[in-house]
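Spelled out, the chains give:
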There are 2 protein chains.
Amino acid sequence: MAVNAQRFLDDLHKLREFGASGVGNGVSRPAYSDADIAARRWLAGRFAEACLEPHFDPVGNLFGLAPGKSLLMGSHSDSQPEGGWLDGALGVVAALELARSGDRPISVVSFQDEEGRFGVTTGSAIWSGKLPLEHADDLIDHGGMRFSAARGRMRDLAQGFVDPNRFTGFLEMHIEQGPVLDTNKEKIGVVTDIVGIRDMVIEFSGQQNHAGTTPMHLRRDAFQALSAFNSLINDRFKNVVSPQTVWTIGHVDVHPSASSIVPGQVRFSMQWRDGDVDRLARMESIIRASAEEIGRAIGVEFRFGQMLGIEPVEMDPELRQSLEDGAQTVAPGTWRVMPSGALHDASNVAALMPVAMVFVPSINGISHDFAEDTSEADLVIGLQVLEAALASH
Amino acid sequence: MAVNAQRFLDDLHKLREFGASGVGNGVSRPAYSDADIAARRWLAGRFAEACLEPHFDPVGNLFGLAPGKSLLMGSHSDSQPEGGWLDGALGVVAALELARSGDRPISVVSFQDEEGRFGVTTGSAIWSGKLPLEHADDLIDHGGMRFSAARGRMRDLAQGFVDPNRFTGFLEMHIEQGPVLDTNKEKIGVVTDIVGIRDMVIEFSGQQNHAGTTPMHLRRDAFQALSAFNSLINDRFKNVVSPQTVWTIGHVDVHPSASSIVPGQVRFSMQWRDGDVDRLARMESIIRASAEEIGRAIGVEFRFGQMLGIEPVEMDPELRQSLEDGAQTVAPGTWRVMPSGALHDASNVAALMPVAMVFVPSINGISHDFAEDTSEADLVIGLQVLEAALASH
C-alpha cells in the first residue's frame, strides 16, 4: 500500500487549525497551551484510527505505538509562540502517513516542548535521560509558570515513560529552517550530523564616563571593546572554520546605553556551532584569548559566563544511507547531504538508538515566523523519499 | 575686601543640604523639585543679605542683581537626579562670594534646569532667546510632566525676564567633569571654547535569521554592520581629529537581541564633539560615507535620523585673558587652557554678551554621580583665581 499524499496534506492542514494564527499558515501552539493539548488529543485519535496505540508519557510526549519491535518516526507538534504550520508538525504527520500505509511496523511520536518554552527540546531530553524529570520540574517559562505545573495540565492523559528498547531506530523529517536548499533549488537535504553548540555570555566592564569631557585616550569604553573583540575573532576564525561553521553575537546589552555616556559595561552572547568538537574547541580558545587581549589593550575587565555545550551528533550511517538512496530514487540530482545547524529531537534520541534526519526546503529560509512555508509539492517529495528509504532499508 | 574662603565653603555645604542624598556629598536636586525650589529660596535670601536684589524670572532662573551695569557671574543650582554637590552649585556660590566681597558691581545668577530635566540647559536657553518659551512649555520630562506645569510650581515667585543689557559679560566657574586636570595634577583649566556637538541616530536593517541554519555568507547581520562601521570610522577619523576631538557610540539597541537569532536590526547613537565646525563637518562626511559603504558591503539598509547640532562657542578673548592672568598669579605652572567638552549655561549666554569659563579639577574625573568631588583646597584656588582675574580685568 503506497502513501496517500492527499491524506497526508489534509492531516497537515487539519493539525494547522489547532492554534491557527489567522496570518497565512501561521500557528501559535506553544507546549501545554490549550491548542497544543487539543492537537495532541486529535493526533492520538488519528493514531488509534491507524491501529497505533496512543500513549502519553508523564511529560506529554505522545506516542502511537505499533505492536512489538518497530522503527520510531516523528518529531514534535508544539510550535513557537509565533510559528509556522510545518516546524515539527511535518515530521509527525509524515510518520503517521508512513505508519498507516506501509507494511512494516512503524511507531509515531510527537515530542513535547521541542521549541523550548521550558528547556531545550525538553520532552525528548527528558525521555532520553539527559534531563532528569526532577530538574525539569523546576524550570520556569517567561511567564513564571513551572514545568511541573505545565505538565500537570495533561495529568489525566499521562501513563508511564515508554521503554526505548522497543524501537530499532528513529527517523525524523523536518523543514530545513535555513536557506541552503531553497537558494540552490534543491528538494532534499540528507543530514550528516546535527552540529554541536557552544554558547556563553561575555561581559566587558570598563569605565562609564561623560562623552564630552573624557578624552579618547583616557576612555575604557566597553562597547569599543566588544567591537574590537568582534573584529579580532572574525579575522582569526578564518583559519579555523569550514563553510558550515557559524558564529553569532546575537544578544547585546550596552550599559547605560545613553548617547552622551561612554558605555561602562557590555554583556553579550557568543554562540558558535559546528559538527566537529575539535573545531568548536579551537574556536573557544580563540574567543578566550581574544577577549583577554582586547581587555588588556582597552583596559576593560572581562568575564566569561558558564559555557553551554551541546555536543555534535552524527547520524547513523546505515539509516542515513537509506535516506540517500531514497533521495536519489525520488529526486535524482536535486538533493544534497548537509549538516543540521538547528537542534532537533533526534539529537536527544541518538542517546537511545540509531537516528537519521531528512530536510525539505524552507521558502526563503524562513522559520519561527508565521511566514514559514514549503510548497505542497516539496512536502510530498519529502514523504516519498521517506517511503523509498524504508523500502531500501 | 578679600574673598572669605571659609564663608564660601560654608555656603557650599549649606546649599548641599537641600536634596542631600545621604551618600557622601551626593545631592538629588532636580529642577523644580521641592529641594530645588527650597534651595533657590535660600539662595535668594543670601543674595538679599549681600545687597543683591533677588529676582526670579518666569522659568525660575534666579538672579541677584547689583544696581546699574554689572558683570554677571554664576552657573546653576539644579542637579542631576543622582548628582554631586558642586556641579553648578560651585559657580553660583563662588559668584555670590565675589559679589559680596569685592568692590565692583557683580550680579549673580543660578540658571534653572541646566541638567536638562526638560530640554538642554533649558533655563539659559530660554533666557538667551534660543528656545522660545511657548516651545519650551510643550516639553515633557521622563515622568510625563509638562514644562509649563513644572515652572508653574514657582509661579508665586516669578517676575519678568531680566534685561541682558544690564550685564557687561558673564563668567562661569565649574568643575571640569572630566579627568584631564586631575590626571595631570593641575589646579585650573581656563576654557578656550565650548565644543560643538553633533548627535544622530543611525539604523542598520538587515535580515533576522536563525543563528544555526543561516550560513555566514548568506547573513545580513545588523550587529556585524555596526561593528564594521565602528572600525571603519575609527580608522578614518585618525586623519581628521585632534587630541581634543571625541566621538561616542553610547546608545546601542540590537533587535531582537537573542543568542540564537542573527540580529535583524540595530539602532545606535553616533555623537561627536569638537571646537571646529569644519572638523565636525568632515567627520559627518566620513560617518555618512562609511555607513553607506558598510550597508552595501553587508547588504543592510541604513537610515540616518535627524542630526542634532549645537555649535561650538569661543570664549571672549579679553575675559579669557583675565582668567589666564588670574591662574598664572594664583597657580603658576599648574594650570592649562583647554576646551570644554561638556555643554554649559555659558554656551547660551554667549548669544547675549562676552563669556568665559574656568574649571577646577574633578577627582577621578567623576561627575553626574553621588561620588563627584573636588578637594576644598582646589575649590578655594578656583575662587582665588576668579578674584585675581577680576582684579586684572
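Here the structure is a predicted model, which is why all the values come from computation and not from measurement.

(A) Examining the overall build of chain A more closely. Along chain A, the regular secondary structure elements total 12 helices and 17 strands. Rg of the C-alpha trace for chain A: 23 Å, near the compact-globule value of 21 Å for 393 residues, within the 12% margin. In terms of overall dimensions, chain A has C-alpha extents of about 80 × 50 × 40 Å along its principal axes. For chain A, the residues scored as buried account for 58% of the 393 residues in total. Of the contacts formed within chain A by residues at least 6 apart in sequence, a portion of 78% connects residues at least 24 apart. With the model as given, the accessible surface of chain A reaches about 14,600 Å², and the carbon-plus-sulfur share is 50%.

(B) Here's a closer look at the pairing of strand S5 (residues 167-175) of chain B. Residues and elements named next belong to chain B. When you tally the buried positions in S5, you get eight out of nine residues, the bulk of the element. Sheet topology places strand S3 (residues 70-76) next to S5; three bridges connect them, and they run parallel. Within S5, the residue paired with serine 70 across the bridge is phenylalanine 167. One ladder, built from six bridges, connects S5 with strand S17 (residues 355-360); its direction is parallel. When the sheet's bridge partners are listed, methionine 173 is paired in S17 with valine 358.

(C) Here's a closer look at the interface of chain A and chain B. Across the boundary between the two partners, chain A contributes 46 residues, which contact 44 residues of chain B. Around 3,600 Å² of area is buried between chain A and chain B when both sides are counted, 53% of it from carbon and sulfur atoms. For the chain A face of the interface with chain B, the top three residues by lost area are Thr213, Met216 and Phe223 of chain A, together amounting to 14%. Counting every contact that joins chain A to chain B gives zero salt bridges. Elements with a minimum of two residues in the side of chain A that touches chain B: helix H7 (180-183), helix H8 (222-237), strand S9 (246-248), strand S10 (252-255), strand S11 (261-262) and strand S12 (265-274) of chain A.

(D) Representation of the environment of asparagine 234 of chain B within the structure. Relative to the helices and strands, asparagine 234 of chain B resides in helix H8 (residues 222-237). Each C-alpha atom of the pair asparagine 234 of chain B and alanine 391 of chain B lies 46 Å from the other, and the pair is 157 residues apart in sequence. Residues contacting asparagine 234 of chain B, with those up to four places away along its chain left out, are Gln224 of chain A together with Trp247 of chain B. Within the structure, asparagine 234 of chain B has its side chain in polar contact with the side chain of tryptophan 247 of chain B (distance 2.9 Å).

(E) Main features of the pattern of salt bridges. Residue and element names in this part refer to chain A. One pass over the full model with this rule turns up 46 salt bridges over all chains. Measuring nitrogen to oxygen at the nearest pair gives 2.8 Å for the salt bridge that ties aspartate 11 to arginine 100. One end of the pair, aspartate 11, is in helix H1 (residues 5-16); the other, arginine 100, is in helix H3 (residues 89-101), with 89 residues separating them in the sequence. As far as burial versus exposure is concerned, aspartate 11 and arginine 100 are alike and both buried.

(F) Looking closely at the relation of the copies chain A and chain B. For the pair chain A and chain B, the superposition axis carries a translation of 0.1 Å, the fit reaches an RMSD of 0.2 Å, and the rotation angle comes to 179 degrees. Within this description, the copies of the chain are treated as partners about a two-fold rotation axis. The C-alpha atom lying nearest the rotation axis in chain A is that of serine 227 of chain A; the distance is 2.6 Å. A shared interface surface links the copies, since 96% of the contact residues of chain A are contact residues in chain B too.

(G) Quick look at helix H9 (residues 277-298) of chain A. All names here are of chain A. With 22 residues, H9 ought to run about 32 Å at 1.5 Å a step, and its terminal C-alpha atoms sit 31 Å apart, in line with that. Regarding H9, the residues found buried are Arg279, Leu280, Met283, Glu284, Ile286, Ile287, Ser290, Ala291, Ile294 and Gly295. Buried residues of H9 fall within an arc of 165 degrees about the axis and therefore sit on the same side. Where H9 is buried, its residues contact strand S7 (196-205), H8, S9, S12 and strand S13 (301-304). For H9, the capping residue at the N-terminal end is aspartate 276, with a side-chain oxygen 2.8 Å from the backbone nitrogen of aspartate 278. Within two residues after H9, glycine 299 carries a phi angle of roughly 75 degrees, on the positive side.

(H) Focus on the pairing of strand S17 (residues 355-360) of chain A. Residue and element names in this part refer to chain A. In terms of residue burial, S17 counts as a mostly covered element, since six of its six residues are buried. With burial as the criterion, each face of S17 is covered, one bearing Val355, Met357 and Phe359 and the other bearing Ala356, Val358 and Val360. Inspection of the sheet shows strand S6 (residues 188-194) paired to S17 by two bridges, in the antiparallel sense. Following the sheet pairing, valine 190 is matched in S17 by valine 358.

(I) Geometry of the packing of aromatic side chains. With the rule as written, the count across this model stands at 30 aromatic pairs over all chains. Ring centres 5.1 Å apart and planes at 85 degrees place the aromatic pair phenylalanine 237 of chain B and tryptophan 247 of chain B in the edge-to-face group. Of the two residues, phenylalanine 237 of chain B sits in helix H8 while tryptophan 247 of chain B sits in strand S9 (residues 246-248), which places them 10 residues apart along the sequence. Neither phenylalanine 237 of chain B nor tryptophan 247 of chain B differs from the other in exposure class; each is buried. Ring pairs connect the aromatic residues Phe63, Phe111, Trp127, Phe167 and Phe170 of chain A, which therefore count as one cluster. Lying across the ring of phenylalanine 304 of chain A, arginine 288 of chain A places its NZ or CZ 4.8 Å from the centre.

(J) Broad picture of H3 of chain A. Relative to the 18 Å expected for 13 residues at 1.5 Å per residue, H3 of chain A spans 18 Å between its end C-alpha atoms, a close match to the ideal helical length. Summarising burial for H3 of chain A: 13 of the 13 residues are buried, a large majority.

(K) How the structure looks around the environment of glycine 299 of chain B. Residues and elements named next belong to chain B. Mapped onto the secondary structure, glycine 299 falls in the loop between helix H9 (277-298) and strand S13 (301-304). Look at glycine 299 and you get partly exposed, because its relative accessible area is 29%. Remark: the alpha-carbon pair of glycine 299 and arginine 220, spanning 79 residues in sequence, is separated by 5.7 Å. Setting aside its immediate chain neighbours within four residues, glycine 299 contacts Arg220 and Ile294.

(L) Examining the side chain of glutamate 284 of chain A more closely. Here glutamate 284 of chain A is to be found in helix H9. Dropping the residues within four chain positions of it, glutamate 284 of chain A is found in contact with Trp272 and Met307 of chain A.

(M) Region of interest: unusual backbone geometry. Cis geometry marks the peptide bond from histidine 255 of chain A to proline 256 of chain A, where omega comes out at 0 degrees. Along the chain, the position of proline 256 of chain A falls in the loop between S10 and S11.

Procedures and definitions
- Residues numbered from 1 in each chain as written.
- Chains lettered and ligands numbered in written order.
- Predicted model: local features only at pLDDT ≥ 70, side-chain atom pairs only at ≥ 80, totals over all residues.
- Heavy atoms only, no water.
- Helix = DSSP H or I, 4+ residues; strand = E, 2+ residues; numbered from the N terminus.
- Rg over C-alpha atoms; globule rule 2.2 N^0.38 Å.
- Buried < 20%, exposed > 50% of the residue type's maximum accessible area, 1.4 Å probe, protein only.
- Contact = heavy atoms within 4.5 Å.
- Areas by Shrake-Rupley, 256 points an atom, 1.4 Å probe, with all protein chains shown as cover.
- Pairing = 2+ DSSP bridges.
- Buried area = accessible area lost by both parts, 1.4 Å probe.
- Salt bridge = Lys/Arg side-chain N within 4 Å of Asp/Glu carboxyl O.
- Polar contact = N/O pair within 3.5 Å; in protein donor to acceptor, adjacent residues only side chain to side chain.
- Least-squares fit on C-alpha atoms with pLDDT ≥ 70 in both.
- Expected span 1.5 Å × (residues − 1).
- Arc of directions from axis to C-beta.
- Phe/Tyr/Trp six-rings, centres within 6.5 Å; stacked < 30°, edge-to-face > 60°.
- Lys NZ or Arg CZ within 6 Å of the ring centre and 35° of its normal.

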